[in-house]
Each structure stands twice: as C-alpha cells, then as structure tokens.
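Residue strings, one per chain:
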Amino acid sequence: MDFLCYHRDRPGSLALREELSEEHWSYMDQYAKEMIARGPTFSDDGETLTGSVHILDLPDPAAARAFAFDEPNYQAGAYRDVLVRRWRNTLGRTMWDFPGGRTGDDRYLVLGLGLGTGQAADLALPPDRDELIAYGPLLSDDGAVWLGTAALLRAPDPDTARAILTPDRYAAIEVHNWHFGGRPSS
C-alpha cells in the first residue's frame with residue numbers, strides 16, 4: 001500500500017531541524033527501499049523551508065502512522081501538523097524514474113483536499129504525463145473513499161501547477177515549492 005505523509009514545519013523550527021538532521025537522515029535510511037518520492041517544501045521565496053513530503057510503500061495504515069509520528073523531527077516538535085493519507089501511485093514509478101531529472105526550481109507539490117462528498121475528481125492522468133513526477137488520489141485507510149489528489153510535478157509557475165487539478169472539486173488546493181529529496185552527499 002502506498003501512503004503520502006506531509007509534515008508541515010512549525011514556524012521557527014529551522015534550528016531544531018538542523019540540529020536533528022543526522023537523526024532524520026538515519027531514520028529515513030531505514031525506509032530507502034520503500035520510498036516512491038521524497039523532498040522538502042519551501043515558501044514562495046523558494047528558500048524558507050516549510051515542510052517535508054514522503055510517499056512510500058508500507059504494509060498498512062498503522063505502519064504509515066508509525067513512520068510519520070516516530071520521525072525524529074516530529075518527536076522533537078519541529079512540525080506543526082502531519083497529513084497521512086493512503087495514496088495510489090497512478091504513474092507506477094518512483095521520482096527517480098522521472099525523465100526530467102532531479103534538478104530545477106520548477107518543481108511543485110500540489111495537494112487537492114477533497115470536499116468529502118460527491119464524485120472523485122482527477123483520477124485519470126493529465127495529458128502531459130512527462131511533467132509528472134508522482135501523481136495519484138488520496139484515499140481513506142481502506143482505499144474505498146476518495147479524499148483528494150496529490151501530485152509532484154514540473155511546471156513553469158505555481159498557477160500552472162495548480163491548474164493540474166479541477167478547482168471546484170476540492171475544498172482547498174495547496175501549491176508548495178518542492179525539491180527532490182534524499183540524503184545530501186558529503
């Protein structure tokens with residue numbers, strides 16, 4: 001089962017995150033084989049860290065919650081909240097398979113949080129698949145109820161990234177600057 005975990009930073013937590021960086025990386029190393037995509041999010045200035053997204057294959061919802069809530073930055077109070085949702089890997093690949101490469105400032109996390117009722121939206125892949133790094137619906141723990149859509153993609157600007165989702169089908173659409181993640185090389 002695939003899950004999306006999005007940890008949102010608590011304001012002023014950068015020093016704490018820096019202090020815990022090796023603990024964070026050691027923890028993430030344990031999940032390297034399960035990772036589908038990962039990386040930090042940034043504010044509109046592209047420099048201020050705002051969170052961290054991980055999409056990974058885990059056995060069940062309890063394992064996903066354990067991953068999210070046992071993470072050292074979460075345990076130390078660096079995050080203000082965590083979104084954990086079952087996710088379907090519509091592309092059937094990892095971020096490392098993205099044909100556009102790992103570098104560039106034109107990458108975004110788009111979260112469409114559902115209205116809670118009505119028909120699911122944006123289940124089919126958008127036409128320009130080559131710009132998608134990861135894409136799929138957010139689901140209830142049992143996979144039966146659509147709760148929204150999450151995408152990592154390359155786009156020229158936030159408005160173009162937002163346009164990947166049908167606006168009136170979501171209670172909110174969030175767009176975050178995102179970078180490919182992974183342990184920094186020394």
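Everything discussed here concerns the structure shown above.
Colleague: Break down the environment of L111 for me, with residues and values.
Modeller: Note that L111 resides in strand β5 (residues 107-114). Given a relative accessible area of 0%, L111 falls into the buried group. Between the alpha carbons of L111 and I173 there is a distance of 5.6 Å; along the sequence they are 62 residues apart. With residues up to four places along the chain from it excluded, the contact list for L111 reads L4, Y6, R8, L83, T149, A150, L165, A172, I173 and E174.

Colleague: Describe helix α3 (residues 61-70), listing the residues and the values that go with them.
Modeller: Since there are 3.6 residues in each turn of an α-helix, residues three or four apart along the chain are aligned in direction. For α3, the set of buried residues is P61, A64, F67 and A68. Here the buried residues of α3 occupy an arc of 120 degrees about the axis, which is enough to place them on one side. Looking at the buried positions of α3, the neighbouring elements they touch are β1 (2-9), α2 (21-29), β2 (35-42), β3 (49-57), α4 (72-76) and β4 (79-87). Capping of α3 at its N-terminal end is provided by D60; its side-chain oxygen lies 3.1 Å from the backbone amide nitrogen of A62.

Colleague: Account for the layout of surface pockets, naming residues and giving values.
Modeller: Here the largest pocket defines a volume of roughly 330 Å³. Taken together, 17 residues make up the lining of the largest pocket; nearest its centre are R17, H24, W25, P40 and L49. Only α1 (14-19), α2, β2 and β3 provide two or more residues apiece to the lining of the largest pocket. Here the residues of the lining of the largest pocket are counted per class, giving 6 nonpolar, 8 polar and 3 charged.

Colleague: Any chance you could break down the sheet that holds β3 for me, citing the residues and the numbers?
Modeller: Here we have 8 strands rolled up into a closed barrel, ordered β1-β3-β2-β8-β5-β7-β6-β4, and antiparallel in their pairing. Each strand of the sheet is rotated relative to its neighbour by a mean of 30 degrees, with strand direction disregarded. As paired elements, β4 and strand β6 (residues 132-139) share 2 bridges and run antiparallel to each other. Directly across from W87, in β6, lies its bridge partner L138.

Colleague: Help me get a handle on the packing of aromatic side chains, residues and values and all.
Modeller: What the rule picks out here adds up to 7 aromatic pairs. Ring plane angle 45 degrees and centroid distance 5.1 Å describe the contact between W178 and F180, whose orientation is recorded as tilted. In this structure F180 comes out as buried when scored by relative accessible area, which is 11%. Taken together through their ring pairs, the aromatic side chains of Y27, Y31 and F67 make up a single cluster.

Colleague: I'd love a proper account of α2, names of residues and values included.
Modeller: Among all positions in α2, only H24, W25, Y27 and M28 are buried. What you see down the axis of α2 is that its buried residues fit within an arc of 160 degrees, all on one side. Looking at the buried residues of α2, the elements they touch are β2, β3, α3 and α4.

Colleague: Please provide a residue-by-residue account of the side chain of H176, values included.
Modeller: Summarising the element assignment, H176 is placed in strand β8 (residues 170-178). Overall, H176 belongs to the buried group, its relative accessible area being 14%. Here Y6 takes part through its side chain, which lies 3.5 Å from a polar atom of the side chain of H176. Beyond its immediate stretch of four places on either side in the chain, H176 contacts Y6, R8, T41, F42, R107, Y108 and L109.

So, how was this worked out
Residues numbered from 1 in each chain as written. Predicted model: local features only at pLDDT ≥ 70, side-chain atom pairs only at ≥ 80, totals over all residues. Heavy atoms only, no water. Helix = DSSP H or I, 4+ residues; strand = E, 2+ residues; numbered from the N terminus. Buried < 20%, exposed > 50% of the residue type's maximum accessible area, 1.4 Å probe, protein only. Contact = heavy atoms within 4.5 Å. Arc of directions from axis to C-beta. Polar contact = N/O pair within 3.5 Å; in protein donor to acceptor, adjacent residues only side chain to side chain. 1 Å grid on protein atoms, 1.4 Å probe; cavity = no way out; pocket = protein on both sides within 12 Å on 5 of 7 lines; lining within 4 Å. Points joined across faces, edges and corners; volume = space filled by probe spheres on them. Nonpolar A, V, L, I, M, F, W, Y, C, P; charged D, E, K, R; others polar. Pairing = 2+ DSSP bridges. Axes fitted to C-alpha atoms, helices over the stretch in contact; angles between N-to-C directions. Phe/Tyr/Trp six-rings, centres within 6.5 Å; stacked < 30°, edge-to-face > 60°.

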